[in-house]
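Architecture and fold: a report
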Amino acid sequence: MKVFAISLGCPKNTIDTEEALGSLGSTNSGVKLTNNLQEADLLIVNTCGFIEEAVSESIDTILAVAKEKTDGQILVVMGCLVQRYGKDLKRELPEVDIFLGTGSPRSLVSLVEEQAIQQVESPCSRILTTPPWRAYVKISEGCSNRCTYCLIPMLRGKEISRPITEIVSEINSLVSKGVKEITLVAQDLTAYRNDGKTLADLLETLVEDTDSPWLRLLYLNPGKVNTKLLETIAANAVICPYLDVPIQHANTNILRSMGRRYDNKYIEDLMSRIGSLLPHVSVRTTVMVGFPGETEDDFQSLRNFVEKWEFDHLGCFIYSDEKECAANNLPGKVPPDTAMMRKDEIMSLQARISRAKKSDMVGRVEQVLVEGVSSETELLLVGRTRHQAPEIDGIVYLNKGTADYGDIVTVKITDSHVYDLVGEII
Ligand code: SF4
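Heads up: these notes are all about the structure in this document.

Parameters and conventions
- Residues numbered from 1 in each chain as written.
- Predicted model: local features only at pLDDT ≥ 70, side-chain atom pairs only at ≥ 80, totals over all residues.
- Heavy atoms only, no water.
- Bend = angle between axes of the 7 residues up to and from the residue.
- Helix = DSSP H or I, 4+ residues; strand = E, 2+ residues; numbered from the N terminus.
- Buried < 20%, exposed > 50% of the residue type's maximum accessible area, 1.4 Å probe, protein only.
- Contact = heavy atoms within 4.5 Å.
- Pairing = 2+ DSSP bridges.
- Axes fitted to C-alpha atoms, helices over the stretch in contact; angles between N-to-C directions.
- Phe/Tyr/Trp six-rings, centres within 6.5 Å; stacked < 30°, edge-to-face > 60°.
- Near = heavy atom within 4 Å.
- 1 Å grid on protein atoms, 1.4 Å probe; cavity = no way out; pocket = protein on both sides within 12 Å on 5 of 7 lines; lining within 4 Å.
- Sits in = over half its atoms within 2 Å of the grid points.
- Nonpolar A, V, L, I, M, F, W, Y, C, P; charged D, E, K, R; others polar.
- Salt bridge = Lys/Arg side-chain N within 4 Å of Asp/Glu carboxyl O.
- Points joined across faces, edges and corners; volume = space filled by probe spheres on them.
- Right-handed = clockwise from strand over helix to strand, strands pointing away.

A word on helix 3 (residues 80-92). Helix geometry: helix 3 is bent most strongly at glycine 86, by close to 95°. All buried positions along helix 3 are accounted for by Cys80, Leu81, Val82, Arg84, Tyr85, Gly86 and Leu89. Summarising the contacts, the buried residues of helix 3 are in contact with strand 3 (42-47), helix 2 (52-68), strand 4 (74-79), strand 5 (98-100) and helix 5 (152-156).

Structurally, glutamate 114 can be placed in helix 4 (residues 108-115). Residue glutamate 114 is classed as exposed on the basis of its relative accessible area of 65%. Residues glutamate 114 and serine 301, 187 residues apart in the sequence, show an inter-C-alpha distance of 56 Å.

Reading across from one edge, 2-1-3-4-5 is the order of the five strands in this open sheet, with parallel pairing throughout. Edge strands, defined here as strands with exactly one partner in the open sheet, are strand 2 (32-33) and strand 5. In terms of strand pairing, strand 1 (residues 2-7) meets strand 3 through five bridges, oriented parallel. Paired with alanine 5 across the bridge in strand 3 is isoleucine 44. Of the strands in this sheet, strand 1, strand 2, strand 3 and strand 4 are in contact with helix 1 (residues 11-25), which crosses strand 3 at around 155°. Of the strands in this sheet, strand 3, strand 4 and strand 5 are in contact with helix 3, which crosses strand 4 at around 125°.

This structure, assessed with the given rule, holds six aromatic pairs. The interplanar angle of 75° and the centroid separation of 6.1 Å between the aromatic rings of tryptophan 133 and tyrosine 405 together place this pair among those described as edge-to-face. Of this pair, tryptophan 133 sits in the loop between helix 4 and strand 6 (134-138) while tyrosine 405 sits in the loop between strand 16 (396-400) and strand 17 (408-416), and the two are 272 residues apart along the sequence. For tyrosine 405, a relative accessible area of 46% puts it in the partly exposed group.

Turning our eyes to something else, we now look at the site of the ligand. Around the ligand lies a shell formed by Cys143, Asn145, Cys147, Tyr149, Cys150, Ile152, Pro153, Gln187 and Arg260. The pocket occupied by the ligand, as judged from atoms lying within 2 Å of grid points, is the largest pocket. Tallied by class, residues from the shell around the ligand come to six nonpolar, two polar and one charged.

This next bit is on the environment of leucine 255. Positionally, leucine 255 belongs in helix 9 (residues 252-258). Between the alpha carbons of leucine 255 and cysteine 147 there is a distance of 9.4 Å; along the sequence they are 108 residues apart. Leucine 255 has contacts with Ile247, His249, Ala250, Arg260, Tyr262, Asp263, Asn264 and Ile267, leaving out every residue within four places of it along the chain.

As for its position among the elements, arginine 384 is in strand 15 (residues 381-385). Residue classification places arginine 384 among the buried residues on the basis of a relative accessible area of 1%.

What follows concerns the pattern of salt bridges. Counted by the stated rule, this structure contains 31 salt bridges. Residue aspartate 16 is joined to lysine 138 by a salt bridge in which the shortest nitrogen-to-oxygen separation is 2.5 Å. Highlighted residues: aspartate 16 in helix 1 and lysine 138 in strand 6, separated in sequence by 122 residues. The salt bridge involving lysine 228 is made with aspartate 201; its shortest N-O contact spans 2.5 Å.

The space that makes up the largest pocket amounts to roughly 1500 Å³. As for the largest pocket, its lining consists of 48 residues, and the residues nearest its centre are Cys10, Phe50, Tyr219, Thr286 and Phe317. As a volume, the second largest pocket reaches approximately 410 Å³. In this structure, the second largest pocket is lined by 21 residues; those nearest its centre are Pro279, Val281, Ser282, Asp312 and Lys357.

This brings us to unusual backbone geometry. Positive phi is not limited to glycine here, since glutamate 310 has a value of about 45°. Judged by relative accessible area, glutamate 310 falls into the partly exposed class, the value being 39%. You will see that glutamate 391, though not glycine, has its phi angle at about 70°, which is positive.

Before going further, it helps to spend a moment on the side chain of glutamate 170. By the secondary structure assignment, glutamate 170 is in helix 6 (residues 164-176). With near-sequence residues (within four places) excluded, glutamate 170 lies in contact with Arg126, Val137 and Arg162.

In this structure, strand 12 (residues 282-289) lies alongside strand 13 (residues 313-318), joined through six bridges in parallel fashion. Residue pairing for strand 13: valine 287 is matched across the bridge by cysteine 316. Handedness of the crossover joining strand 12 and strand 13 through helix 11 (residues 296-309): right-handed.

Here we take up the sheet that holds strand 13. In spatial order, the strands read 11-12-13; together these three strands make up an open sheet with parallel pairing. Each edge of the sheet is formed by a strand with only one pairing partner; in this case those strands are strand 11 (242-244) and strand 13. Sheet twist, expressed as the average angle between the axes of neighbouring strands with direction ignored, equals 15°. Pairing geometry for strand 11 and strand 12, over three bridges, is parallel. The residue of strand 12 that forms the bridge with tyrosine 242 is serine 282.

Structure (structure tokens):
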């Protein structure tokens, strides 16, 4: 069966798409991915419904695919948008054949079966949509935190951690297929609990029982980053020296009304602890501006925090009103243009910090995972260091030496730009 799939939103959604494809792969006919919509038998759009912007992008994508759909093709719409607006979507989008919410991507095969095919009993594995040398692995589903601006607990349910044995066998199966970089993801990685085992325990088991050359962690809730976790990361070279800790803000009043269970003093201490336990680590964070009630002084305290701690990577989002969220009823809405000005100010500050941080890396020797050729010229290979996460951080341009895609090579960093590096394979 030929399948054309579009996966919107976060890496957790990417995994759901891959599991849905994997379930189809267990059928008699098996599955073949195609980028050519016209030749596909099955069209899949895995949606995001997190904020208004994502909702519009998802609907635009569904309508664009539906417009190209021809008789005999099956159109599947799955994911958070279906979880959020299921009934309305069914009424508004008659051209869609199958709707599937979150939480059971592997049930797609039975839904498609009802539409067209035979099934045989066999375990199904994911069909990667990422390049074959890297993969995301979800260690839990859902979230039990209650940040006042976030819909995810409503869309994905409360946090449920996967058994350690299941995660170990999935990673070993991926590594046996050539995957070099495993990125662990969840809504809140630090909430991991299985049989009393924490994230730090899971990492020790993965280091022990799997052969993944690179293990990367995304989505660490700052409020739960404890010393044991930092020491576990420091003690194991397999774990990339990379911490993704989305602080969201730095002002205690705003953090409180966001429902983030930490304050300014806590994150100041956390940054000091990270600096002393992991001096060579790269830190990524995410901040939100324009949250209801955010005054110019509140914003300045965030700006000063970003300037003081100099994150290696930073994403900044503007608060978005979602009617199902508690924050929607908070007073003191920030005018959109003020919020945009604040975002621009944070991002231009971060560009200066990033340029300085990248130039500090010139002269260093780093491991680089080669990922392909530059989009600018085929003469240049590109890759990422252990300090750069896939799809969200900068890259390394390799202007000397040869390597195959998926190779991990040793590189001398010779130059830098605002977000990217330049180096030669040695
Ligand atoms: S930690 Fe907060 S922001 Fe993140 S998914 Fe959970 S509720 Fe949403």
